[in-house]
Amino acid sequence: MRGTGPWVVVSDYPAWPSPYFAELERHAPARLRLEFASRLEDLDGRPAGVVNLHRLKRLYREADGTRTLAAAEAMLARLTALRRAGWRVVWTVHNLFPIDGGPPGEADRRAAYGVLDLADAVIAHTRADARHLATLTRAPVTVAGWAGLTAGASAVPPRVRELAARITEAPVSVLMLGNLTAYKDVAATVRAFASRTRTSHLFVVGPSRGEDVAGLTGVDRVHLHFERVPAEHVHALYRAADAALCPYRADGPWEFFTRVLHPSSVGTAVAFGTPVIAPDLPAVAEMTAGHARWLYPPGTGPGAALALAEAEAARLSRRTADGTHRWQAVLAAYERLAQRLLADVASRSSGVGASGRRRRPRPPSSEETRQVSGNPTERIAAVLADRYGLAAADLVQLPIGQGTVNYRAACAGREVFVKNYPPGADLHLEAKAVELSELARLHGIPAATVLRNRDGQVIDATTSAAVSVWEWMPGRVVTDMNTAQYEQAGHTLGRIHALFADLPASAGPSPEAEKWRAIDSGELASTIDELLGIIAKRAADGLTDAFDVDPNAPSPNAAPCSRGSRSSSPICPGDSPRRSCTATSAR
């Protein structure tokens, strides 16, 4: 890219020691011409190139550090002026809104949506993030991929070596490393650990960013180290730990994590081969695919996942990722984008008006339902293409289904199973059931993988054809099971009960279960007598068959079951559960 402009990252780095930018600089190819500028004003008067924004919050703060709407408008006005001067604007989205400090406010939303409005390109780390960002901007969204921290060449200092040794000595060690901020809900996380584990030790390592940590001291098996560990040495701690705990809230002001999130601690844990405990958010699920993990439903807390990790961590194999290769792949995506943007940096992008601003399309509301024309198959195919990015070459309705109309879709390189919900279906409850299926699958229980739509939802209800889409699972339906299959089913059912025991719904009443627990012994005895009477009458009428007659009975004159000798079930004492009571002598 000789003769083209620079790629300027707007950041305080290296004055502010950002591990992410240190990795970016270390692995950047020379052709990218990577530079850093601390302020947008530093670009005034320079030959045009690409201005690469990352974390926006520092660019719209007042002198006292507060983020204001006026400062956000000033930032956007300066970016517009830079575009008029020929600069291309690229936003690498780590998180849609700031995650440190207090919850995002009006200024944060104006800044984020304003940048998406005028950006020439947007960079996402995961496909999950890209799907949502594509609904917020007309700019092309590039998935550059993600990478964790890499191990530095310098020697690990004694304090870090000593901490790594303590982590190694614990029966089961769980590491929670990074800044202690509100979105991690550290106090609730520690309480969940203390109540749900018995032998594990939790190591909380990192400086506190406004979090009240006073109440965390003195908790059994919780070790607090409120100090920053240099990024080049964190590998020693991750490699020593049995699991990495990466909590993220997804409620209230942090709900946007369900759509856009770059969980750097997850990426670093995967890079060093450390099993991950984290909420089942779209970006987390994508980054940990194929890696040892315990994901829990957002909003439920990590208690159940911590308990499973304690039981299973010792049996897991570990596999590290090639961090250098990942960073090179990320920078290769940057370089390809730079070539395209800088090919004619003096010309304006097509579709940009005199103001240099694009109009941001409003994302569809979840309450809106678009009507899709055509027959049912055409409607489903349109939803697959529009909401899932799947072009169905062949879509066949299946002859089976319980409460839904089901389809098998052949798409490019894959097959999917589509459930079409009827009008009036309770989609909220259906979505909760799908999330439970995903929870079970992520904990090793055999289940099909659900595919999320562009907004990260398990059920797409933006049209009149509400659907959920799943990976196609080859196999057959089994109605008559053998002993081994019954054992497998019972074992799996037990694991599901254990996994779901801590969910909030499990604490409520269960009318279905109570029906089985509340046995009316008098009614049961009456039913047994009625069944025995039917058997006796069939025998007297000569209508017995293999169901009525025990072929292994010792004598054709064997005494029938009587009320005085029966057990609490309609099965004769000593008989196997598969045999009915012998009635050949009931004459």
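Further up the page is the structure itself.
Predicted, not measured: the structure shown is a model, and the values here were computed from it. (Residues numbered from 1 in each chain as written. Predicted model: local features only at pLDDT ≥ 70, side-chain atom pairs only at ≥ 80, totals over all residues. Heavy atoms only, no water.)

Q: Sorry, what's going on with the packing of helix H1 (residues 19-27) against helix H11 (residues 323-341) here?
A: A packed helix pair is summarised by two numbers, namely the angle formed by the two axes and the spacing between the axes. Running from N to C, H1 and H11 cross one another at 80°; their axes reach a closest spacing of 9 Å. In terms of orientation, H1 lies roughly perpendicular with respect to H11. Judged by residue contacts, Tyr20, Glu23, Leu24 and His27 of H1 engage Thr324, Trp327, Leu331 and Tyr334 from H11. Residues that form the contact of H1 with H11 fall into these classes: 5 nonpolar, 2 polar and 1 charged. (Axes fitted to C-alpha atoms, helices over the stretch in contact; angles between N-to-C directions. Helix = DSSP H or I, 4+ residues; strand = E, 2+ residues; numbered from the N terminus. Parallel < 35°, antiparallel > 145°, perpendicular 65-115°, else oblique. Contact = heavy atoms within 4.5 Å. Nonpolar A, V, L, I, M, F, W, Y, C, P; charged D, E, K, R; others polar.)

Q: Would you mind going over the packing of aromatic side chains with me for this structure?
A: Any pair of aromatic rings gets described here by the distance separating the centres and the angle formed by the planes. One pass over the full model with this rule turns up 16 aromatic pairs. Seen from their ring centres, Phe417 and Trp472 are 6.2 Å apart, and the 55° between their planes marks the pair as tilted. With a gap of 55 residues between them, Phe417 in strand S15 (residues 414-420) and Trp472 in the loop between strand S17 (467-471) and helix H14 (483-500) connect regions that are remote in the sequence. The class for Trp472 is partly exposed, based on a relative accessible area of 22%. Within the aromatic cluster, the residues linked to one another by ring pairs are Phe97, Tyr113, Tyr183, Tyr248, Trp254, Phe256 and Phe257. Seen from the ring of Tyr20, Arg55 lies directly overhead, with NZ or CZ sitting 5.9 Å from the centre. The aromatic ring of Trp146 is capped on one face by Arg326, whose charged end is 3.8 Å from the ring centroid. (Phe/Tyr/Trp six-rings, centres within 6.5 Å; stacked < 30°, edge-to-face > 60°. Buried < 20%, exposed > 50% of the residue type's maximum accessible area, 1.4 Å probe, protein only. Lys NZ or Arg CZ within 6 Å of the ring centre and 35° of its normal.)

Q: Help me understand helix H16 (residues 521-540) in this model?
A: The end-to-end C-alpha distance of H16 is 28 Å, a good match for the 28 Å that 20 residues give at a rise of 1.5 Å each. When we look at burial in H16, the residues that qualify are Ala525, Ile528, Leu532, Ile535 and Ala539. In an axial view of H16, the angular spread of the buried residues amounts to 85°, which keeps them on one side of the axis. Along H16, the residues that are exposed and aim more than 90 degrees away from the buried face are Glu523, Glu530, Lys537 and Ala540. Where H16 begins, the capping side chain belongs to Asp520, and its oxygen is found 3.1 Å from the backbone nitrogen of Gly522. Phi turns positive, to about 70°, at Gly542, one or two residues after H16. (Expected span 1.5 Å × (residues − 1). Arc of directions from axis to C-beta. Polar contact = N/O pair within 3.5 Å; in protein donor to acceptor, adjacent residues only side chain to side chain.)

Q: I tried to follow the sheet that holds strand S16 (residues 450-451) on my own but got confused; where do I start?
A: For sheets, the rule is that strands pair by backbone hydrogen bonds, running either parallel or antiparallel. Taking strand neighbours across the sheet as the criterion, the 5 strands line up as S13-S14-S15-S17-S16 in an open arrangement whose pairing is antiparallel. The outermost strands of the open sheet, each flanked by one partner alone, are strand S13 (392-397) and S16. Two strands pair when backbone bridges link them, and strand S14 (residues 405-411) and S15 are joined in this way by 7 bridges, in the antiparallel orientation. Bridge pairing in S15 places Ala410 opposite Glu415. Set on the sheet, helix H12 (residues 376-388) makes contact with S13, S14, S15, S16 and S17; between it and S17 the angle comes to about 70°. (Pairing = 2+ DSSP bridges.)

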